[in-house]
Each structure stands twice: as structure tokens, then as C-alpha cells.
Amino acid sequence: MNPYVLSILLISLGLGTTLTFMSSHWLLAWMGLEINTLAIIPLMAKEHHPRAVEATTKYFLIQATAAAMILFAASTNAWICGQWDINQMSHPLTSTIATTALALKIGLAPLHLWLPEVLQGITLTTGLILSTWQKLAPIALILQTANNTHPLLLTTLALTSTLVGGWGGLNQTQLRKILAYSSIAHLGWMILMSQMAPLMTLIALITYIIMTTAAFLTLNNINSTKTITLASAWTKAPSLTALTCLILLSLGGLPPLTGFMPKWLIIQELANQGLTPTATIIAMTALLSLYFYLRLAHALTLTLSPQTTNATTPWRTSTKQPTLALALTTILATCLLPITPTIFTILT
């Protein structure tokens, strides 16, 4: 892709998200979401592969549907209450439609079916943008409208997402689909806290972005998109393979890694609020996700690729990819748990 075109698209991505962040009017927020969607579509379709074109078309149709629902909810709220302000969506019908549309936009279950298919059809780099940056603007809107949304709707979306995210990834062999289901499960943890403790949602979002970025950059570095190719990753980057195991366990939420921090804080907050059954259910669903992370870690570190292979084994060669971002996110994805009190103090 032409570097000038690429820079314009990336600036538009940043502009769309920033516009949604700073807006208090529904039309401005909707405009920011639309700029975001239109900017990432050429990035998704740049491979000119049938799967990429299919994924781009699916993504466009889903995002257009969600945007139309948001505009409908905002205009209906203005008609009923005379308010275009995002924080003044007081009518239960409009708040429910808006929350459902935003859930569709980010891929919360049961509105998640597009996400694994779209992520499977695009490159790892574009998948990284789709899994991290594209979640920021809708989650910001969910946080602003959460106080006017029925708690049962948010809790149902959250618990369904953690369950589907864990269950859906169990039988997958495609790494991009596994990361898509991982994204759905993590989004469930975030949405659960959006009403009672928005700070927890922010902490979960930051740690999710760090860990997911580290996972995508690692897979991009070792050029792996299937579980079967993980067995030969040690031949290309032995030390990175060992660290990738820690990144996966961090995504699963095991102590003493960074991924344990948001889960620990969220379960603690749920227990303090007297929601012990909810805390128990969401902790049990986290075990489903942990299983497929452990399966990936096993394929990566405890298996050898077969000796009789039809393909040429990619032996260790010097990579020309920049590794600064990978090194930084890997450190952050594994080592932040001890400074949890400091992070909590800074954010509060």
C-alpha cells in the first residue's frame, strides 16, 4: 500500500476514535464511529484475497447495521426526551437499543458471530488494530451510557460473552479465531464492571490491549496462524517461544502475571457488592478460556513438529521486523502484577 494512503488511513483511525472520545453529542459520536469504520476497510481489503474481501464485506455490513441502530436510538431519544446528549439517554427503550448496537459493534455475545470470521480473513497486523484500537470508541460510549442501561442487560451480555468466548475457542485450530474468542471473553469481563466500577473496566481494557498486542506481534514475528505451525516456532525464535508461553498464560489470567490483575480486582469488587453468584459464574467461565491457552502453550513448548513433513521447515533466520514494540508489550504483559497498588492509585 502507498505510504501516503496508509498514513491518511491511520490518521483517520486516530481522528475517528478521538472525535468519539471528546463528543457529548450523539451525532458527533456517530460520526467518529463512521470515520473509524471507513478508515479500516481499505486496510482489511488490501490483500486482494477472496477471504479478505469477504471479511471486509461482513465487517462493513455489521458496522453499518450497528451505526444505523445507534442513529435510530439517538434520534428516538431526542424525539422522546428532547436530548441529544450522550449522558441523557434516560428512556429505557433507547438506552437498550444503543447498548445492543454498541455490543454488536465490538462483538459481545450473542452478537459475536461476525468477529471470528472477520478476524480469520485478515492479516495479523490488521487483526491487531481490529482487536484493540477499534474497541476503544464503542467501549467509551458504553461507559457513558451504562448508568442509564438496565443492569440485567449488561450482566447478561457480560456473562454470555465470557461463556461463549471460552467455549468457542476450545475446538479451534486457527490462531486468529482463538484470539477472536479470547477478545469476546475479555470484553465480557470489562462490560460486567461498566456500571458499578468503571475504573475496573479501564484497568481490564488496558491490560487486555497490552496482552493482545504482545500475542499478535509474537505470532506475526514467528509467522504462525495455525496451532500446528507453533510446534516449529522454537527453531525460529527460541527465547521468544518461551516468553510467548508466559503471554498466553497471562491472557488466561494466571498469577503472578499481568492478566491476573483485572480478574482479581473484578472478582473482589463483585464479592464486595454482594454479587457472589455472578463472581462464581464468571470465574468458572474463565477456566474454559484458560484451557485453550494451556493447549496453545503445550503446542508451543512441549511438542515437536513431525520429522516427515511435506513442507520446508522454516529454520532460524534473522528477522527484519522491528521488535521494540514486541519487547515492550511482552514485558508489560508479564510483569505488571506486583505494581497493582501503584496502578490503582494513579488511575484513581
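Everything below is about the structure printed above this text.
Residues numbered from 1 in each chain as written. Predicted model: local features only at pLDDT ≥ 70, side-chain atom pairs only at ≥ 80, totals over all residues. Heavy atoms only, no water.

A. Representation of the overall build of the chain in the model. Within the chain, the secondary structure is distributed over 16 helices and zero strands. Here the C-alpha atoms of the chain give a radius of gyration of 20 Å, agreeing with the 20 Å that 2.2 N^0.38 yields for 348 residues. By its C-alpha atoms, the chain is 70 × 50 × 35 Å across when sized along the principal axes. Split into buried and exposed, the 348 residues of the chain put 51% on the buried side. Long-range contacts, defined as pairs at least 24 residues apart, comprise 78% of the intrachain contacts of the chain with a sequence gap of at least 6. Element-wise, carbon and sulfur atoms account for 69% of the exposed surface of the chain, whose accessible area totals about 15,800 Å². (Helix = DSSP H or I, 4+ residues; strand = E, 2+ residues; numbered from the N terminus. Rg over C-alpha atoms; globule rule 2.2 N^0.38 Å. Buried < 20%, exposed > 50% of the residue type's maximum accessible area, 1.4 Å probe, protein only. Contact = heavy atoms within 4.5 Å. Areas by Shrake-Rupley, 256 points an atom, 1.4 Å probe, with all protein chains shown as cover.)

B. Spotlight on the environment of Gly-121. Position of Gly-121 relative to the elements: it lies in the loop between helix H5 (114-120) and helix H6 (124-131). Gly-121 gets classed as buried once you look at its relative accessible area, which sits at 9%. C-alpha separation for the pair Gly-121 and Arg-176, spaced 55 residues apart in sequence, amounts to 8.8 Å. With residues up to four places along the chain from it excluded, the contact list for Gly-121 reads Arg-51, Ala-52 and Ala-55.

C. Representation of the packing of aromatic side chains within the structure. A full pass over the atoms with the stated rule returns three aromatic pairs. When the ring of Tyr-59 is compared with that of Trp-114, the centres are 5.8 Å apart and the planes differ by 55°; the resulting orientation is tilted. Of this pair, Tyr-59 sits in helix H3 (residues 50-81) while Trp-114 sits in helix H5; the two residues are 55 residues apart in sequence, bridging distant segments of the chain. Considered together, Tyr-59 and Trp-114 belong to a single accessibility category, that of buried residues. Aromatic side chains Phe-260 and Trp-264 sit 6.0 Å apart centroid to centroid with 10° between the ring planes, which places their arrangement in the stacked category. Taken together, the residues span about one helical turn, with Phe-260 and Trp-264 both in helix H13 (residues 260-272) at a distance of four residues. (Phe/Tyr/Trp six-rings, centres within 6.5 Å; stacked < 30°, edge-to-face > 60°.)

D. Fine view of the packing of helix H1 (residues 3-22) against helix H2 (residues 26-45). Two numbers describe how H1 lies on H2: the axes approach to 7 Å, and their chain directions differ by 155°. It follows from the interaxial angle that H1 and H2 lie roughly antiparallel. Like other packed secondary-structure pairs, H1 and H2 cross with a definite hand, here left-handed. Contacts between H1 and H2 involve Leu-6, Leu-9, Leu-10, Ser-12, Leu-13, Gly-16, Thr-17, Leu-19 and Thr-20 on the former and, on the latter, Leu-28, Ala-29, Met-31, Gly-32, Leu-33, Ile-35, Asn-36, Ala-39, Ile-40, Pro-42 and Leu-43. Here the contact of H1 with H2 is composed, by residue class, of 14 nonpolar, six polar and no charged. (Axes fitted to C-alpha atoms, helices over the stretch in contact; angles between N-to-C directions. Parallel < 35°, antiparallel > 145°, perpendicular 65-115°, else oblique. Left-handed = near helix turned anticlockwise from the far one by under 90°. Nonpolar A, V, L, I, M, F, W, Y, C, P; charged D, E, K, R; others polar.)

E. Examining a nonpolar patch on the surface more closely. A cluster of nonpolar side chains, Leu-38, Phe-60 and Leu-61, forms an exposed patch at the surface whose accessible area comes to about 300 Å². Mapped onto the elements of the fold, Phe-60 is located in helix H3. Classification of Phe-60 as partly exposed rests on a relative accessible area of 39%. (Patch = residues over 30% accessible without salt bridge, like charges linked within 9 Å, V, L, I, M, F, W, Y side chains within 5 Å. Salt bridge = Lys/Arg side-chain N within 4 Å of Asp/Glu carboxyl O.)

F. Summary view of the packing of helix H4 (residues 92-106) against helix H8 (residues 151-168). Direction vectors running N to C along H4 and H8 enclose 15°, while the axes themselves pass 11 Å from each other. The angle between H4 and H8 falls in the class roughly parallel. Taken as a pair, H4 and H8 cross one another with a handedness that is right-handed. Residue-level inspection shows Thr-96, Thr-99 and Ala-103 of H4 in contact with H8, the latter providing Leu-153, Leu-154 and Leu-157. The residue makeup of the contact of H4 with H8, split by class, is four nonpolar, two polar and no charged.

G. The arrangement of the environment of Gly-253 in detail. Locating Gly-253 in the fold gives a position in the loop between helix H12 (238-252) and H13. Here Gly-253 falls in the buried class, since its relative accessible area comes to 11%. Each C-alpha atom, one on Gly-253 and one on Leu-290, is 7.5 Å from the other, the two residues being 37 residues apart in sequence. Not counting residues up to four positions away in its chain, the partners in contact with Gly-253 are Gly-259, Phe-260 and Lys-263.

Shape descriptors only; they carry no functional weight alone.
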